[in-house]
Amino acid sequence: MTTALGAEEYREVLSAALPEATDADTLLPNVHTLFTPDSHRVALYVDSTVVRGGRGVGKTFWYRSLLDKTLREVAAEEYGIERLRRLTVSPGYGVAVEPDLYPGTGVLRQLVDDGVRPYDLWYAVLLSALGQPELHAFPEWRDRVTWVRANPGAAERTVRHADQEAQRDGTTHLIIFDALEHLHRLRAQADRLVSGILELALAMRLGTRNIRCKVFIRPDMFDGALLHFPDASKLTANAASLTWSNTNLYGLLFHYMGNHDGEHAERFRRLTGDWEADAFGSRHIPPALLRGDERSQAEQFALIAGAYMGANYRKGNTYTWLPNHLMDGVEQVSPRSFLSALNKAVTETRGRYAGHEYALHHEGIRRGVQTASEARVREVGEDMPWVRLAVEPLAGRQVPIEQDTVTEMWNEARLVDVLHREAERYGAGGEEDTLVRTGPRYPDDPARLIEELIALGVMRRRRDGRLDLPDVYRIAFNIGRKGGVPRVVG
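As the structure is a computational prediction, the values presented were derived from the model and not from experiment.

The final tally for this structure, using the stated rule, is 14 aromatic pairs. Geometrically, the ring pair formed by Tyr-10 and Phe-268 is edge-to-face, given 6.5 Å between the ring centres and 75 degrees between the ring planes. Of this pair, Tyr-10 sits in helix H1 (residues 7–17) while Phe-268 sits in helix H12 (residues 263–271), and the two are 258 residues apart along the sequence. Take Phe-268: its relative accessible area is 0%, and that puts it in the buried class. An angle of 65 degrees between the planes, with centres 5.0 Å apart, marks the rings of Tyr-250 and Phe-301 as edge-to-face. In this pair, Tyr-250 sits in helix H11 (residues 246–258) while Phe-301 sits in helix H14 (residues 294–305), placing the two residues 51 residues apart along the sequence. Each member of the pair, Tyr-250 together with Phe-301, is buried. Against the face of Trp-141 rests Arg-144, its NZ or CZ located 4.4 Å from the ring centre.

Glancing now at the pattern of salt bridges. Summed over all chains, the structure comprises 38 salt bridges. One salt bridge in this structure joins Arg-414 and Asp-417, with 4.0 Å as the shortest N-O distance. Using a relative accessible area of 35% as the deciding quantity, one classes Asp-417 as partly exposed. One salt-bridge network, in which partners are shared between bridges, spans Arg-460, Arg-462, Asp-468, Asp-471, Arg-474 and Arg-481.

The next point concerns the nonpolar core. Generally speaking, soluble globular proteins have nonpolar side chains that are buried together. Trp-122, Leu-180, Leu-198, Leu-253 and Leu-360 are the most contacted members of the largest nonpolar core, which has 142 residues in total. Once residues lying within four places of it in the same chain are set aside, the contact partners of Leu-198 are Val-50, Val-215, Phe-222, Ala-225, Phe-229, Ala-232 and Leu-235.

Across its 12 residues, H14 extends 15 Å between first and last C-alpha, which sits within 8% of the 16 Å expected from 1.5 Å per residue. Buried within H14 are the following residues: Ser-296, Gln-297, Gln-300, Phe-301, Ala-302, Ile-304 and Ala-305. Note on H14: the residue one or two positions beyond its end, Gly-306, has a positive phi of about 80 degrees.

On the surface, Glu-402, Asp-404, Glu-408 and Glu-412 cluster together into a negatively charged patch. Accessibility expressed as a relative area gives 61% for Glu-412, which makes it exposed.

For strand E2 (residues 87–93), a buried count of six out of seven residues is recorded, marking the element as mostly surrounded by other parts of the structure. Sheet topology places E2 next to strand E3 (residues 172–177); six bridges connect them, and they run parallel. In the strand pairing of E3, Thr-88 is matched with His-173.

A word on the pairing of strand E4 (residues 211–217). Counting buried positions along E4 yields seven of seven residues, so the element is predominantly enclosed. The two faces of E4 match: Ile-211, Cys-213, Val-215 and Ile-217 on one face and Arg-212, Lys-214 and Phe-216 on the other face are all buried. Judged from the three bridges that link them, strand E1 (residues 50–52) and E4 form a sheet pairing that is parallel. Across the sheet, Val-51 pairs through a bridge with Phe-216, a residue of E4. Here E3 pairs with E4 via five bridges, running parallel. Its bridge partner lying in E4, Ile-176 is registered against Lys-214. For the crossover that starts at E3, traverses helix H9 (residues 187–207) and ends in the parallel E4, the hand is right-handed.

Pairing in this open sheet of five strands is parallel, and the strands run E2-E3-E4-E1-E5 from one edge to the other. Taken across any chain shown, the strands that pair with only one partner, and hence form the sheet edges, are E2 and strand E5 (240–241).

With that settled, consider unusual backbone geometry. Looking along the chain, the bond that leaves Val-399 and enters Pro-400 is cis, with omega of 0 degrees. Here Pro-400 lies in the loop between helix H18 (385–391) and helix H19 (403–412). One non-glycine residue, Glu-331, lies in the positive phi region at around 60 degrees. A positive phi angle is found at Asn-478, which is not glycine, with a value near 60 degrees.

With 13 residues, H11 ought to run about 18 Å at 1.5 Å a step, and its terminal C-alpha atoms sit 18 Å apart, in line with that. Counting buried residues in H11 gives 13 out of 13 residues, a clear majority hidden from the surface.

To continue, consider the confidence of the model for the protein chain. With 95% of its residues at a pLDDT of 70 or more, the protein chain shows a mean pLDDT of 91. The low-confidence segment residues 430–436, where pLDDT is below 50, has 15 contacts with residues more than four positions distant or belonging to other chains.

Relative to the elements of secondary structure, Glu-348 occurs in helix H16 (residues 335–352). Once residues within four sequence positions are removed from consideration, Glu-348 is found in contact with Tyr-353, Gly-364 and Arg-367.

Bringing the packing of H11 against H16 into the picture now. Running from N to C, H11 and H16 cross one another at 55 degrees; their axes reach a closest spacing of 10 Å. Put simply, H11 runs oblique to H16. As for how H11 packs across H16, the hand of that crossing is right-handed. Contacts between H11 and H16 involve Leu-249, Tyr-250, Leu-252, Leu-253 and Tyr-256 from the first element and Pro-335, Phe-338, Leu-339 and Leu-342 from the second.

Turning our eyes to something else, we now look at the packing of H16 against helix H17 (residues 362–383). Put simply, H16 and H17 touch, their axes get as near as 7 Å, and they point 135 degrees apart. Here H17 runs oblique to H16, going by the angle between their axes. Where H16 crosses over H17, the handedness of that crossing is right-handed. Of H17, the residues touching H16 (which contributes Arg-336, Ser-337, Ser-340, Ala-341, Lys-344, Ala-345, Glu-348 and Thr-349) are Gly-364, Ile-365, Arg-367, Gly-368, Val-369, Thr-371, Ala-372, Arg-376 and Glu-379.

Calculation rules
- Residues numbered from 1 in each chain as written.
- Predicted model: local features only at pLDDT ≥ 70, side-chain atom pairs only at ≥ 80, totals over all residues.
- Heavy atoms only, no water.
- Phe/Tyr/Trp six-rings, centres within 6.5 Å; stacked < 30°, edge-to-face > 60°.
- Helix = DSSP H or I, 4+ residues; strand = E, 2+ residues; numbered from the N terminus.
- Buried < 20%, exposed > 50% of the residue type's maximum accessible area, 1.4 Å probe, protein only.
- Lys NZ or Arg CZ within 6 Å of the ring centre and 35° of its normal.
- Salt bridge = Lys/Arg side-chain N within 4 Å of Asp/Glu carboxyl O.
- Core = buried A, V, L, I, M, F, W, Y, C linked by side-chain atoms within 4.5 Å.
- Contact = heavy atoms within 4.5 Å.
- Expected span 1.5 Å × (residues − 1).
- Patch = residues over 30% accessible without salt bridge, like charges linked within 9 Å, V, L, I, M, F, W, Y side chains within 5 Å.
- Areas by Shrake-Rupley, 256 points an atom, 1.4 Å probe, with all protein chains shown as cover.
- Lys, Arg positive; Asp, Glu negative; His and termini not counted.
- Charge placed at Lys NZ, Arg CZ, Asp CG, Glu CD.
- Pairing = 2+ DSSP bridges.
- Right-handed = clockwise from strand over helix to strand, strands pointing away.
- pLDDT = per-residue confidence, 0-100.
- Axes fitted to C-alpha atoms, helices over the stretch in contact; angles between N-to-C directions.
- Parallel < 35°, antiparallel > 145°, perpendicular 65-115°, else oblique.
- Left-handed = near helix turned anticlockwise from the far one by under 90°.

As structure tokens, then:
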């Protein structure tokens with residue numbers, strides 16, 4: 001009989017299993033961390049061209065997993081998608097510096113300044129991936145694009161040949177795109193570049209049988225591209241979204257705990273049901289109840305954190321409390337925030353409540369939510385500084401708040417001028433020119449700015465019309481809520 005894990009033993013498993021860095025740019029997927037929630041199955045269909053998802057939901061994780069043959073095999077096995085085994089995958093754009101495969105930020109800026117048509121640019125990327133010999137003679141992308149424009153017949157023959165050859169071999173060429181927020185610092189130009197990718201993806205979908213594109217993209221960027229390429233809406237019929245339910249999040253947690261080496265992780269597996277080895281013998285698959293049953297997951301999490309966020313049920317249920325307070329305005333929780341909050345909860349409990357009867361103290365979980373909020377606000381500030389500039393004037397206030405009050409505070413802060421100066425700062429180049437920023441589409445219109453913040457999930461509108469901020473943003477932006485998790489001041 002296996003002895004139950006004690007509080008400190010659970011802490012050791014959590015500390016060892018939870019990733020130190022939850023940033024997709026530094027955390028590479030591997031067979032142990034590859035978790036396959038059912039809700040992501042559609043995103044991996046080869047014919048699912050558009051995969052929408054906010055920051056931290058797994059776009060880059062799946063982008064990198066598809067580039068890895070071993071991880072594709074694992075995904076093919078667990079999702080039962082045979083076509084994943086018969087792919088030739090090439091990156092069309094990503095955060096990695098790959099000047100031979102696709103143009104980087106500086107080159108893109110130059111090409112846009114030169115008036116290059118985005119479709120021609122991405123067509124050159126596709127042809128390079130398909131092995132167009134003439135293109136490989138040109139190291140500069142400007143020359144490759146020029147060749148594409150000057151040789152449409154040769155380009156079409158290359159596509160047709162690659163399509164026929166792939167059909168004969170029973171394979172599919174898949175060109176994948178990620179990190180599109182890094183394409184260009186100006187939002188309008190980024191939208192045009194994205195529309196070029198979607199135009200190419202649609203052309204391949206309609207004109208070939210065995211050449212496909214897959215575009216991992218934020219929902220707001222997909223909507224922005226529609227303004228420049230309305231036919232992109234034809235791709236929505238087979239679009240997918242990367243979403244995480246509560247059961248997915250806790251399934252991920254238990255998957256991490258059970259796939260770590262060590263005695264305590266092995267005991268955790270023995271205590272929690274019939275874990276199976278995958279077809280490759282390289283990872284442990286959680287039992288179905290631990291992977292996707294709320295009641296079973298809640299019972300298991302109660303062994304780790306207790307049932308309630310305090311003395312009794314009036315304080316809230318630990319299982320639902322954590323994801324509820326990490327949910328953004330469009331009701332999405334990123335696994336990155338979830339794991340980050342748990343990591344901090346372990347550290348906080350060890351540092352302040354080491355004698356607690358459970359591995360996680362409820363005050364540690366609250367501090368974990370504050371830390372996750374700080375990380376989320378930092379991320380959104382990196383991707384879209386205008387969001388931080390727009391929300392910071394509200395610091396010290398309480399939500400929910402009237403829209404007129406928000407507009408008044410923006411006027412007092414001269415937000416329109418601030419946003420224009422920000423755009424000019426990046427437009428002028430200089431040291432920060434290597435960074436990419438995507439600004440608001442309508443900096444002069446407060447009402448549309450609010451709608452843009454709502455679409456991003458930073459704000460939400462209540463039924464009575466007042467505006468609210470979800471805790472994952474509210475706390476670190478130093479905005480209060482009566483009875484809510486304390487904000488982070490300063």
